[in-house]
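Residues per chain, in single letters:
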Amino acid sequence: MAHENKEPLDIILFSEVMYDQKREISGENPEHMQFIKDTKSLFEGWGYEVHILRADMDYLGFFNRIITKATKHKEHNGMKFGFPLFGLCGLKRDCKEKPIKNYLKTIEEGTIQYVGICADEKKRLESLHKESNRVSLLAKYGYTEEMARQKCLEYGLLSPCYKYSRRGGCWFCPNAKLAEHKAIRELYPEIWKEFVSLENEDNVANDKWNIYGDTLKEIDERLFWEERQMNIFDYIEVVDA
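Residues numbered from 1 in each chain as written. Predicted model: local features only at pLDDT ≥ 70, side-chain atom pairs only at ≥ 80, totals over all residues. Heavy atoms only, no water.

Colleague: I keep staring at a nonpolar patch on the surface and nothing clicks. Help me out?
Modeller: Together, F86, I211 and Y212 make up a nonpolar patch on the protein surface, roughly 350 Å² of accessible area in all. Considering the arrangement of structural elements, one finds I211 in the loop between β8 (204-206) and α10 (216-228). (Patch = residues over 30% accessible without salt bridge, like charges linked within 9 Å, V, L, I, M, F, W, Y side chains within 5 Å. Areas by Shrake-Rupley, 256 points an atom, 1.4 Å probe, with all protein chains shown as cover. Salt bridge = Lys/Arg side-chain N within 4 Å of Asp/Glu carboxyl O. Helix = DSSP H or I, 4+ residues; strand = E, 2+ residues; numbered from the N terminus.)

Colleague: What exactly am I supposed to notice about the pattern of salt bridges here?
Modeller: When the charged atoms of two side chains lie near each other, side chains of opposite charge can form a pair. Here the structure, examined in full by the defined rule, presents 21 salt bridges. Its salt-bridge partner being R54, residue E16 comes within 3.1 Å of it at the nearest N-O pair. Of this pair, E16 sits in the loop between β1 (11-15) and β2 (18-20) while R54 sits in the loop between β4 (49-53) and α3 (59-64), and the two are 38 residues apart along the sequence. The class for R54 is partly exposed, based on a relative accessible area of 35%. Its salt-bridge partner being D220, residue R185 comes within 2.8 Å of it at the nearest N-O pair. You can see R185 sitting in helix α8 (residues 178-187) and its partner D220 sitting in helix α10, a full 35 residues away along the chain. Accessibility expressed as a relative area gives 15% for R185, which makes it buried. (Buried < 20%, exposed > 50% of the residue type's maximum accessible area, 1.4 Å probe, protein only.)

Colleague: Could you clarify how one ought to interpret α8 in this entry?
Modeller: A turn of α-helix holds 3.6 residues, and therefore any two residues three or four places apart point the same way. Taken as a whole, α8 has its buried residues at E180, H181, A183, I184 and R185. In this structure, the buried residues of α8 make contact with α2 (30-45), α9 (189-197) and α10. (Contact = heavy atoms within 4.5 Å.)

Colleague: What's the story with α2 in this structure? I'm lost.
Modeller: Between the first and last C-alpha of α2 there are 23 Å, a value that for 16 residues agrees with the 22 Å anticipated at 1.5 Å per step. Buried residues along α2 sit in contact with β1, β3 (25-26) and β4. The distance from a side-chain oxygen at the start of α2 to the backbone nitrogen of E31 is 2.8 Å, and the residue carrying that oxygen is N29. Looking one or two places after α2, you find G47, whose phi comes out positive at around 100 degrees. (Expected span 1.5 Å × (residues − 1). Polar contact = N/O pair within 3.5 Å; in protein donor to acceptor, adjacent residues only side chain to side chain.)

Colleague: Sorry, what's going on with the packing of aromatic side chains here?
Modeller: Describing an aromatic ring pair means giving the distance of the ring centres and the angle of the ring planes. Inspection of the entire model under this criterion finds 15 aromatic pairs. Here F63 and F83 contribute two aromatic rings whose centre-to-centre distance is 5.0 Å and whose plane-to-plane angle is 80 degrees, an arrangement assigned as edge-to-face. Pair noted here: F63 is in helix α3 and F83 is in the loop between β5 (80-82) and α4 (90-104), with a separation of 20 residues, a long-range link. Considered together, F63 and F83 belong to a single accessibility category, that of buried residues. Taking 5.2 Å as the distance between ring centres and 65 degrees as the angle between the ring planes, the aromatic pair formed by W171 and F172 counts as edge-to-face. You'll find W171 and F172 in the same group, each marked buried. The structure contains a cluster of three or more aromatic residues connected by ring pairs, namely Y19, Y59, W171, F172, Y188, W192 and F195. R65 extends its terminal NZ or CZ atom over the ring of F81, reaching a point 4.1 Å from the ring centre. Over the ring of F14 we find K96, and its NZ or CZ is 4.5 Å from the ring centre. (Phe/Tyr/Trp six-rings, centres within 6.5 Å; stacked < 30°, edge-to-face > 60°. Lys NZ or Arg CZ within 6 Å of the ring centre and 35° of its normal.)

Following this line, the structure appears as structure tokens:
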């Protein structure tokens, strides 16, 4: 929208949440992360400055940090924090938002941020109207979610993550769909195994990945049997042969 309508645009930021900084393992689906890098090159070709940011904290660091100042649950002091709290993800604050906030502190005050809220997302727009430094160009030009999708397709800018889900996000999120888990299990088999094993860690305060749904072990077992399930038509072909 900014490019087409010649809106002022100085810098494009993307904050990459990491699973493990040391091993360069992203918290983004690897296909999506490649899409981000390709998009960075495209936008730079259009003349825009683009930065991919990372926090000092990663998922494993968040999981393994030792609780020292618990007041409500003092019995947790000395334990690993464990999985992010469902519905109150500290990773969003510490790993996604913090790098952007820190970057914005390095540039002049009065910065306006463009956010991707569409004209038909009424509740989100109501919240946005309370913030003077954030603007939705999609809403300004009357773009609904479907129109935004078509615009992305027009420019070849629809992330491959939408093959798996209606949302983008970290692959270890409790809100991730089964298709997203399946993709990571295939793309990162050893890392997926390691991730599932976190449920077996000792001395963990928050030891449940998702308090409202299946455990990681249950999801892993389901995907295991799905992989081995023979299609009835394959069976008929074998018999006929």
